[in-house]
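If you want the building blocks of each chain, they are given just below.
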Amino acid sequence: MASKKGIAITAAIAAGIIGASFLIWLIPQEDGVNVRQITPPQHQAIFQEVYSQHTGLALDIESKYDLWKRGSVSSDTMSSAISDAKTNIGNLRKSLVDAKPPEDWQQSYNSYIAALDTFGQYLDGIKSKVQAEDKSDDSAIDGLKQKWEADIDSAIKSVPV
């Protein structure tokens, strides 16, 4: 068993570490800037989360679409994946709209919202191809893909530094 002295020393060390951590957040720096202002703001975290989820979703849909065109994925599975993706895109879009970012982030958010809207159109185009069992290449779908990718590039380039 641990001795009372050992437990007391461990508790004191833990309390010291926790207390020092809070002091870093509470004590202003020399120029009056609080450390909390230096950490990544919430709007950056929201942007990064949307980007991460959208990227994963886009890769999943593109992979399934390629497999569907080769006959490895059924039309029902593909349609279900598209419906799920449309729901997820709507949720991602809502999180950007609801965030109400500061003015310096507005252009990035607007560009990403446009990318999600175009991605939704891209999904609609794929859904039409799946429903028609048309496995041929489609320049309109390729054009939508290029547009949402360009909108994402624009969103990333306009992220404030």
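Rules behind the numbers
- Residues numbered from 1 in each chain as written.
- Predicted model: local features only at pLDDT ≥ 70, side-chain atom pairs only at ≥ 80, totals over all residues.
- Heavy atoms only, no water.
- Helix = DSSP H or I, 4+ residues; strand = E, 2+ residues; numbered from the N terminus.
- Buried < 20%, exposed > 50% of the residue type's maximum accessible area, 1.4 Å probe, protein only.
- Contact = heavy atoms within 4.5 Å.
- Areas by Shrake-Rupley, 256 points an atom, 1.4 Å probe, with all protein chains shown as cover.
- Phe/Tyr/Trp six-rings, centres within 6.5 Å; stacked < 30°, edge-to-face > 60°.
- Salt bridge = Lys/Arg side-chain N within 4 Å of Asp/Glu carboxyl O.
- Axes fitted to C-alpha atoms, helices over the stretch in contact; angles between N-to-C directions.
- Parallel < 35°, antiparallel > 145°, perpendicular 65-115°, else oblique.
- Left-handed = near helix turned anticlockwise from the far one by under 90°.
- Nonpolar A, V, L, I, M, F, W, Y, C, P; charged D, E, K, R; others polar.
- Expected span 1.5 Å × (residues − 1).
- Arc of directions from axis to C-beta.
- Polar contact = N/O pair within 3.5 Å; in protein donor to acceptor, adjacent residues only side chain to side chain.

Participant: Quick question: what am I supposed to make of the overall build of the chain here?
Facilitator: A count of helical and extended segments in the chain gives 5 helices and 0 strands. Secondary structure elements of the chain occur, N-terminal to C-terminal, as α-α-α-α-α. For the chain, the proportion of its 161 residues judged to be buried stands at 29%. In the chain, of all internal contacts separated by at least 6 residues, the share reaching a separation of at least 24 is 73%. When the accessible area of the chain is evaluated, it comes to approximately 10,200 Å², of which 56% is carbon and sulfur surface.

Participant: Which parts of the structure should I look at to understand the packing of aromatic side chains?
Facilitator: A ring pair, where both rings are aromatic, is described by two values, the distance of the centres and the angle of the planes. Scanning all chains against the criterion turns up 9 aromatic pairs. Centroid distance Tyr 51 to Tyr 112: 6.5 Å. Interplanar angle 85°. Geometry classified as edge-to-face. Linking Tyr 51 in helix H2 (residues 42-69) with Tyr 112 in helix H4 (residues 103-131), this pair joins segments that are 61 residues apart in sequence. The partly exposed category is assigned to Tyr 51, whose relative accessible area is 35%.

Participant: What am I meant to see in the pattern of salt bridges here?
Facilitator: Side chains that carry opposite charge are capable of pairing whenever their charged atoms lie near each other. A full pass over the atoms with the stated rule returns 8 salt bridges. The residue Asp 60 makes a salt bridge to Lys 64 at a minimum N-O spacing of 3.1 Å. Here Asp 60 pairs with Lys 64, and both are found in helix H2, just 4 residues apart, close to one helical turn. Here Lys 86 and Asp 124 are joined by a salt bridge, their closest N and O atoms 2.9 Å apart. Of this pair, Lys 86 sits in helix H3 (residues 75-99) while Asp 124 sits in helix H4, and the two are 38 residues apart along the sequence.

Participant: I'm lost on unusual backbone geometry in this one. Help?
Facilitator: Note on backbone geometry: most residues besides glycine have negative phi, and most peptide bonds are trans. Of note, the phi angle at Lys 100 is positive, near 45°, even though the residue is not glycine. Tracing the backbone shows Lys 100 in the loop between H3 and H4. For Lys 100, a relative accessible area of 67% puts it in the exposed group. You will see that Glu 133, though not glycine, has its phi angle at about 55°, which is positive. Judged by relative accessible area, which is 48%, Glu 133 ranks as partly exposed.

Participant: For this particular structure, what's the right way to read the side chain of Asp 151?
Facilitator: Its location among the elements puts Asp 151 in helix H5 (residues 139-157). We classify Asp 151 as buried; its relative accessible area is 14%. Beyond its immediate chain neighbours, meaning those up to four positions away, Asp 151 contacts Ser 111, Ala 114, Ala 115 and Thr 118.

Participant: Whenever I open this one, the packing of H2 against H5 confuses me. Can you help?
Facilitator: The packing of two helices is summarised by the inter-axis angle and the distance between the axes. Where H2 contacts H5, the axes come no closer than 13 Å and their chain directions differ by 160°. What the angle tells us is that H2 and H5 run roughly antiparallel. Here H2 runs over H5; the crossing is left-handed. Here Phe 47, Tyr 51, His 54, Ala 58, Glu 62 and Tyr 65 of H2 lie close against H5, whose contacting residues are Ile 141, Lys 145, Trp 148, Ile 152, Ala 155 and Ile 156. In the contact of H2 with H5, the residues fall into 9 nonpolar, 1 polar and 2 charged.

Participant: Teacher, can you tell me more about H5 here?
Facilitator: Working note: α-helix, 3.6 residues per turn, so residues spaced by three or four point in the same direction. End to end, H5 covers 27 Å across 19 residues, agreeing with the expected 27 Å (1.5 Å per residue, within 8%). Buried within H5 are the following residues: Ile 141, Leu 144, Trp 148, Asp 151, Ile 152 and Ala 155. Taken down its axis, H5 places every buried residue within 100° of arc, on the same side. Of the exposed residues in H5, those oriented more than 90 degrees away from the buried face are Ser 139, Gln 146 and Lys 157. The inward-facing, buried residues of H5 abut H2 and H4. Between the side-chain oxygen of the N-cap and the backbone nitrogen of Ala 140 there are 2.8 Å, and the N-cap of H5 in question is Asp 138.

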